[in-house]
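So you can see what is in the structure, the chains are spelled out below.
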Amino acid sequence: MKRLTKIIAPVLLAGLALVPAVLAQGTPIGEADASAGETVFNGSCVACHQATGAGIPGAFPPLAGHLPEVVSLDGGRPYVIDVVLYGLTGAINVHGAAYNGMMTPWASVFDDDQIAAVLNYVATAWGNADALPEGFAAFTADEVAAQRATAKDSAAVYGERQALGLE
């Protein structure tokens, strides 16, 4: 019996150690309600990024196809939250096209729920959901609140982009 306990106990402990990791993953993105985010997007983001998520060549970059690339990078998830909260200023390159506009900071306009909702909409619209990393969890208001507490400006967000290896 002691021998069996020595074998089973570590296996059970290892299994229990995985429980917090599984719970921390949150709601799968496919189960998130994106309707509130679509409303925010259509009211505030569509003018620049367009209803198709394709952006405006030379002025505003596409979100379609680009968001999954960014969130797949280590540090990409908090970066996209920061872009929405604090804006982005500086020359960037997306899918071989150059952009040098200014992303509006939305921290003073939208609450944490609204920002999480719009990010969930963008993550699931225009085929983006199919390109997200496996097991991708929906953005949460708590996650946005944590990034909001970092209080950055658009130049710091631009530095984050560069640190991610994005042009």
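One can find the structure itself at the top, above this paragraph.
Residues numbered from 1 in each chain as written. Predicted model: local features only at pLDDT ≥ 70, side-chain atom pairs only at ≥ 80, totals over all residues. Heavy atoms only, no water.

1. So, the overall build of the chain
Move 1: Within the chain, the regular secondary structure consists of eight helices and four strands.
Move 2: Starting at the N terminus and walking to the C terminus, you meet the elements of the chain as α-α-α-α-β-β-β-β-α-α-α-α.
Move 3: Taking all 167 residues of the chain together, the buried fraction comes to 37%.
Move 4: Of all intrachain contacts in the chain linking residues separated by at least 6 positions in sequence, the fraction that spans at least 24 positions is 71%.
Move 5: By element, 62% of the accessible surface of the chain is carried by carbon and sulfur atoms, the whole surface being about 9100 Å². (Helix = DSSP H or I, 4+ residues; strand = E, 2+ residues; numbered from the N terminus. Buried < 20%, exposed > 50% of the residue type's maximum accessible area, 1.4 Å probe, protein only. Contact = heavy atoms within 4.5 Å. Areas by Shrake-Rupley, 256 points an atom, 1.4 Å probe, with all protein chains shown as cover.)

2. Notes on the nonpolar core
Move 1: With 39 residues, the main nonpolar core has Tyr79, Val80 and Phe139 as its most contacted residues.
Move 2: The set of elements that each furnish at least two residues to this core consists of helix H2 (35-49), helix H3 (66-71), helix H4 (76-86), strand S2 (92-94), helix H5 (112-124) and helix H8 (154-163). (Core = buried A, V, L, I, M, F, W, Y, C linked by side-chain atoms within 4.5 Å.)

3. Points about the packing of aromatic side chains
Move 1: The full count for this structure, using the stated rule, is five aromatic pairs.
Move 2: With a centroid separation of 5.3 Å and an interplanar angle of 35°, the aromatic rings of Trp106 and Phe110 are classed as tilted. Like Trp106, the residue Phe110 is buried in the burial classification.
Move 3: Summarising the aromatic geometry, the rings of Tyr121 and Trp126 are spaced 5.6 Å apart at their centres and angled 80° between planes, so their arrangement reads as edge-to-face.
Move 4: By relative accessible area, which is 24% here, Trp126 ends up partly exposed. (Phe/Tyr/Trp six-rings, centres within 6.5 Å; stacked < 30°, edge-to-face > 60°.)

4. Side note on unusual backbone geometry
Move 1: In the Ramachandran plot, His95 falls in the positive-phi region, its phi being about 50° despite a non-glycine side chain.
Move 2: With respect to the helices, strands and loops of the structure, His95 is situated in the loop between S2 and strand S3 (97-99).
Move 3: Positive phi, normally seen in glycine, also occurs at Trp126, with a value near 55°.
Move 4: Counting through the fold element by element, Trp126 comes out in the loop between H5 and helix H6 (128-131).

5. Structural notes on the side chain of His66
Move 1: Within the element layout of this structure, His66 appears in helix H3.
Move 2: Judged by relative accessible area, which is 10%, His66 ranks as buried.
Move 3: A distance of 3.4 Å separates a polar atom in the side chain of His66 from a polar atom in the side chain of Arg161. (Polar contact = N/O pair within 3.5 Å; in protein donor to acceptor, adjacent residues only side chain to side chain.)

6. Regarding the environment of Gly58
Move 1: Relative to the elements of secondary structure, Gly58 occurs in the loop between H2 and H3.
Move 2: The spatial distance from the C-alpha of Gly58 to the C-alpha of Asn93 is 9.7 Å, given a sequence separation of 35 residues.
Move 3: Here Gly58 is in contact with Ala98, Tyr99 and Asn100, once residues within four sequence places are set aside.

7. Focus: the side chain of Asn120
Move 1: Along the chain, Asn120 falls in helix H5.
Move 2: Its relative accessible area of 6% is what places Asn120 among the buried residues.
Move 3: A polar side-chain atom of Asn120 sits 2.7 Å from the main-chain amide nitrogen of Phe139.
Move 4: Filtering out sequence-adjacent residues up to four positions away, Asn120 remains in contact with Ile29, Ala32, Ala34, Ala138 and Phe139.

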